[in-house]
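Structural characterization, general
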Amino acid sequence: RTSTQKKKAAPVDPVTVLDLLKDEDTATEFDPQLGTIVDLLKPRLKDIDESTDSIAFVTYQMYGIIRELLYGVLNQTPDLFESCSEVAIVGGLMINRRIGGDFFQPLSFETCTKDSKHVDLFETTFGERPSLVPILGSEEAVERLFVGGSQVGGGGSSKQK
């Protein structure tokens, strides 16, 4: 690089990054999932302007996407309870920190049985749920994060208990 060339600054705004990604060839042999991630994430960014932290907002949206995909797979696994009577699901975010080691922020913990009995163990295990309203912008956005596909064996969306 010559002294007249300047390094291109990396955009920090997730919406800008997403716009840049849609212009890229996302179906590469090195990262074929990127196109799918962009397609799943784009509709979830409509409320990003309500957030106090756009990076955290996108991170929680990705959690919601993964949660829905996981419950979708579990609901489409007909032999899930053939070798067990109960399934426990713990969900959350791994937060990488420079000092003090990484941190796991639990967001959900439940058990479910073949007869669709669900027990929410979050508060008895981890205490009060963190308030995500400042990051997600509204109670409705928080509810949407936890509703998608949240029942195993129950067939579809259900409000978190």
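Structure: above.
Not measured: the values here are computed from a predicted model. (Residues numbered from 1 in each chain as written. Predicted model: local features only at pLDDT ≥ 70, side-chain atom pairs only at ≥ 80, totals over all residues. Heavy atoms only, no water.)

Take the pairing of strand β2 (residues 103–113) next. Every other side chain in a regular strand lies on the same face of the sheet, so the side chains alternate between the two faces. Counting buried residues along β2, 9 of its 11 residues qualify, which places the element largely inside the surrounding structure. Pairing of strand β1 (residues 86–95) with β2 involves 10 bridges; the strand directions are antiparallel. Across the sheet, G91 pairs through a bridge with S108, a residue of β2. Between β2 and strand β3 (residues 118–120), which pair antiparallel in sequence order, lie 4 residues; one of them, S116, sits at a positive phi of approximately 65°. (Buried < 20%, exposed > 50% of the residue type's maximum accessible area, 1.4 Å probe, protein only. Helix = DSSP H or I, 4+ residues; strand = E, 2+ residues; numbered from the N terminus. Pairing = 2+ DSSP bridges.)

So, about the nonpolar core. With 18 residues, the main nonpolar core has Y60, L107, L132, L136, L145 and F146 as its most contacted residues. Of all elements in the fold, only α3 (54–75), α5 (133–136) and α6 (139–147) reach the threshold of two or more residues within this core. Among the elements that make up this core, the one with the highest residue count is α3 (6 residues). Counting residues in hydrophobic clusters, the runner-up holds 7 residues, among them Y71, L80, F81 and V87. (Core = buried A, V, L, I, M, F, W, Y, C linked by side-chain atoms within 4.5 Å.)

A contiguous nonpolar surface patch, about 370 Å² in accessible area, is contributed by V90, M94, F104 and F126. Position of F104 relative to the elements: it lies in strand β2. (Patch = residues over 30% accessible without salt bridge, like charges linked within 9 Å, V, L, I, M, F, W, Y side chains within 5 Å. Areas by Shrake-Rupley, 256 points an atom, 1.4 Å probe, with all protein chains shown as cover. Salt bridge = Lys/Arg side-chain N within 4 Å of Asp/Glu carboxyl O.)

With that settled, the discussion passes to the side chain of T111. Structurally, T111 is set in strand β2. A distance of 3.2 Å separates the side chain of T111 from the side chain of E86, its partner in a polar contact. The contacts of T111, once residues within four sequence positions are left out, are E86, V87, A88, K117, H118, V119 and L121. (Polar contact = N/O pair within 3.5 Å; in protein donor to acceptor, adjacent residues only side chain to side chain. Contact = heavy atoms within 4.5 Å.)

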